[in-house]
Amino acid sequence: MKKRTIGITGLVLLLLIIAIVIISSLKSKTDSKLPFEPVDKKRAEIEPYQNLVAIGSFHMIGVKSDRTVYSWGENTKGQCNTKDWTDIVAVSADDEISVGLKSDGTVVATGLNDLGQCETGAWTDIIEVAVCGTHVLGLKSDGTVVATGKVIPTDGAGEETIETRNEMVKDWNNIRHVIAYKNVAIGIKSDGTTVWSDYISGMPYKNMLEKGSYEGWNNILEIKRKMFYWMGLTTDGIVKLSDKVGNKTAEEWKNIVDIAAGEEHYAGLKSNGTVVAAGSNDDKQCDVKKWRNILAIYAGGYTTIALKEDGTLIFSGDTTKTITENPEPGQMNPKEWDLF
């Protein structure tokens, strides 16, 4: 009698396991067939969410529903001093700097200011901001661009080589999107072509400002750059990668409406709200296959972050390398943020 009871129990457990496997398989197949929306329609829907969150080196900020700002992380240069910010509609962050765009077109900035990076007080009519460790870019409603910061060469190069970084962008026009990277300004024009200005090559002897465009990059909607991982998103949902990126997996992706780049990985948001990622997965930063109902994606260091339809954030990877475990007192953990 005892043996028969054990046998029946074992059979029930086996059937239960089989049922779980079948249900999981069916769910996986259903998820993989989530319908794709047209790329242009979906991109227009998620556009307002693209700049609600920004990630620096060891801090991040996010716009609340009341247009004040969450901040979390190290505050070595005052980059988390955002508690007095109001009426913010978009943010940008990098290294030890945070920038906020207000609804009236003015800009606030806090953090590292050794080169005048945070001197945005006189700006008006701004519709987008982008920041890096050396400067801030502001896109004006007329398609022109302004920049903060100045170029100071290393010792011995001569004071006559000091220039303001506004020289990088003073001739730009018809710009619809800006990207800031150390010593570099990138602009996407209204026709989908690109322009860039670069102060790196001539340093430290002369500040030879080089300018150009990314040949063959047309119909560009977005560019994200982090170390060697930089990528472009076209209007038809295709990803382009720079020649320096060894892993070309993203060039096979389709129906992409948003992109993000970390130190050693990159990610793409598909028009059905799912996410794909490629590159190093040593810290599990590419474990995004189960994500659903995503509105925007962000990356920093060894972390991928996504904004869900309910206004909360979801994380993959080692957040301690990006967001730090040493926040300022009183800060709210980003895993508890409610953005809308």
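Residues numbered from 1 in each chain as written. Predicted model: local features only at pLDDT ≥ 70, side-chain atom pairs only at ≥ 80, totals over all residues. Heavy atoms only, no water.

**Focus: the overall build of the protein chain**
Inference 1: Per the secondary structure count, the protein chain includes 2 helices and 24 strands.
Inference 2: Here the protein chain, with 340 residues, has 50% of them falling under the buried criterion. (Helix = DSSP H or I, 4+ residues; strand = E, 2+ residues; numbered from the N terminus. Buried < 20%, exposed > 50% of the residue type's maximum accessible area, 1.4 Å probe, protein only.)

**Section: the packing of aromatic side chains**
Inference 1: Inspection of the entire model under this criterion finds 6 aromatic pairs.
Inference 2: Each residue in the set Y214, W217 and W230 is aromatic and connected to the rest through ring pairs, giving one cluster.
Inference 3: The ring of Y70 is capped by K64, whose NZ or CZ atom sits 4.6 Å from the centre of that ring.
Inference 4: The ring of W230 is capped by R225, whose NZ or CZ atom sits 5.2 Å from the centre of that ring. (Phe/Tyr/Trp six-rings, centres within 6.5 Å; stacked < 30°, edge-to-face > 60°. Lys NZ or Arg CZ within 6 Å of the ring centre and 35° of its normal.)

**A look at helix α2 (residues 39–46)**
Inference 1: For α2, the full list of buried residues reads V39, K42, R43 and I46. What you see down the axis of α2 is that its buried residues fit within an arc of 100°, all on one side. In α2, the exposed positions that point more than 90 degrees away from the buried face belong to D40 and A44.
Inference 2: Considering only its buried residues, α2 is in contact with β16 (220–226), β17 (229–234), β19 (256–261), β20 (265–270) and β22 (294–300). (Arc of directions from axis to C-beta. Contact = heavy atoms within 4.5 Å.)

**Topic: the pattern of salt bridges**
Inference 1: One pass over the structure, following the stated rule, counts 9 salt bridges.
Inference 2: One network of salt bridges, in which partners are shared, links R43, E47, E222, K224 and D258. (Salt bridge = Lys/Arg side-chain N within 4 Å of Asp/Glu carboxyl O.)

**Details of the sheet that holds strand β8 (residues 136–140)**
Inference 1: With antiparallel pairing, the 3 strands of this open sheet are ordered in space as β7-β8-β9. Bordering the open sheet on either side are β7 (126–131) and β9 (145–147), each of which pairs with just one other strand. This sheet shows a mean twist of 20° between the axes of neighbouring strands, independent of strand direction.
Inference 2: Examined bridge by bridge, β7 and β8 share 5 bridges and lie antiparallel to one another. Considered in β8, the bridge of E128 is made with L139. (Pairing = 2+ DSSP bridges. Axes fitted to C-alpha atoms, helices over the stretch in contact; angles between N-to-C directions.)

**A closer look at the pairing of β7**
If a strand is regular, its side chains alternate between the two faces of the sheet.
Inference 1: Summarising burial for β7: 5 of the 6 residues are buried, a large majority.
Inference 2: The loop that links β7 with its antiparallel partner β8 comprises 4 residues.

**What to know about the nonpolar core**
Inference 1: M60, Y298, I305 and L313 are the most contacted members of the largest nonpolar core, which totals 23 residues.
Inference 2: If sequence neighbours within four positions are ignored, L313 has contacts with V53, M60, I305, A306, L307, P334, W337 and L339. (Core = buried A, V, L, I, M, F, W, Y, C linked by side-chain atoms within 4.5 Å.)

**Comments concerning unusual backbone geometry**
Peptide bonds are, in most cases, trans, and in most cases residues other than glycine have a negative phi.
Inference 1: Positive phi, normally seen in glycine, also occurs at R67, with a value near 70°.
Inference 2: Along the chain, R67 falls in the loop between β2 (59–63) and β3 (69–73).
Inference 3: Here R67 falls in the partly exposed class, since its relative accessible area comes to 36%.
Inference 4: Phi is positive for N183, close to 65°, though the residue is something other than glycine.

**Some words on the side chain of S71**
Inference 1: Examined against the element boundaries, S71 turns out to sit in strand β3.
Inference 2: At a separation of 3.1 Å, a polar atom in the side chain of S71 contacts the main-chain carbonyl oxygen of C80.
Inference 3: The contacts of S71, once residues within four sequence positions are left out, are M60, I61, C80, T82, Q331, M332 and W337. (Polar contact = N/O pair within 3.5 Å; in protein donor to acceptor, adjacent residues only side chain to side chain.)

**Examining the side chain of Q117**
Inference 1: With respect to the helices and strands, the residue Q117 is situated in the loop between β6 (107–111) and β7.
Inference 2: Looking at Q117, the relative accessible area reads 0%, which means it is buried.
Inference 3: Reaching out from Q117, the side chain makes a polar contact with the backbone nitrogen of L115 at a distance of 2.7 Å.
Inference 4: Among residues more than four places away in sequence, those in contact with Q117 are I97, L112, G133, T134, H135, V136, T148 and G149.

**A closer look at the environment of V151**
Inference 1: Mapped onto the elements of the fold, V151 is located in strand β10 (residues 150–151).
Inference 2: Residues V151 and T134, 17 residues apart in the sequence, show an inter-C-alpha distance of 8.5 Å.

**Focus on the confidence of the model for the protein chain**
Inference 1: Per-residue confidence for the protein chain averages 87 on the pLDDT scale, and 84% of its residues sit at or above 70.
Inference 2: Counting interchain partners and residues more than four positions distant, the pLDDT-below-50 stretch residues 26–31 has 1 contact. (pLDDT = per-residue confidence, 0-100.)

**A closer look at the sheet that holds strand β5 (residues 97–102)**
Inference 1: As summarised here, the arrangement of the 3 strands in space is β4-β5-β6, forming an open sheet in which the pairing is antiparallel. Single-partner strands in this sheet number two, and they are β4 (88–94) and β6. Within the sheet, the average angular offset between the axes of one strand and its neighbour, ignoring direction, is 15°.
Inference 2: The pairing of β5 with β6 spans 5 bridges and is antiparallel. Looking across to β6, one finds that V99 is bridged to A109.

**Structural notes on the environment of K308**
Inference 1: Note that K308 resides in strand β23 (residues 303–308).
Inference 2: As for K308 and W291, which are separated by 17 residues in sequence, their C-alpha atoms are 8.9 Å apart.
Inference 3: Those residues in contact with K308 that sit more than four places away from it in its chain are N293, I294, L295, I314 and F340.

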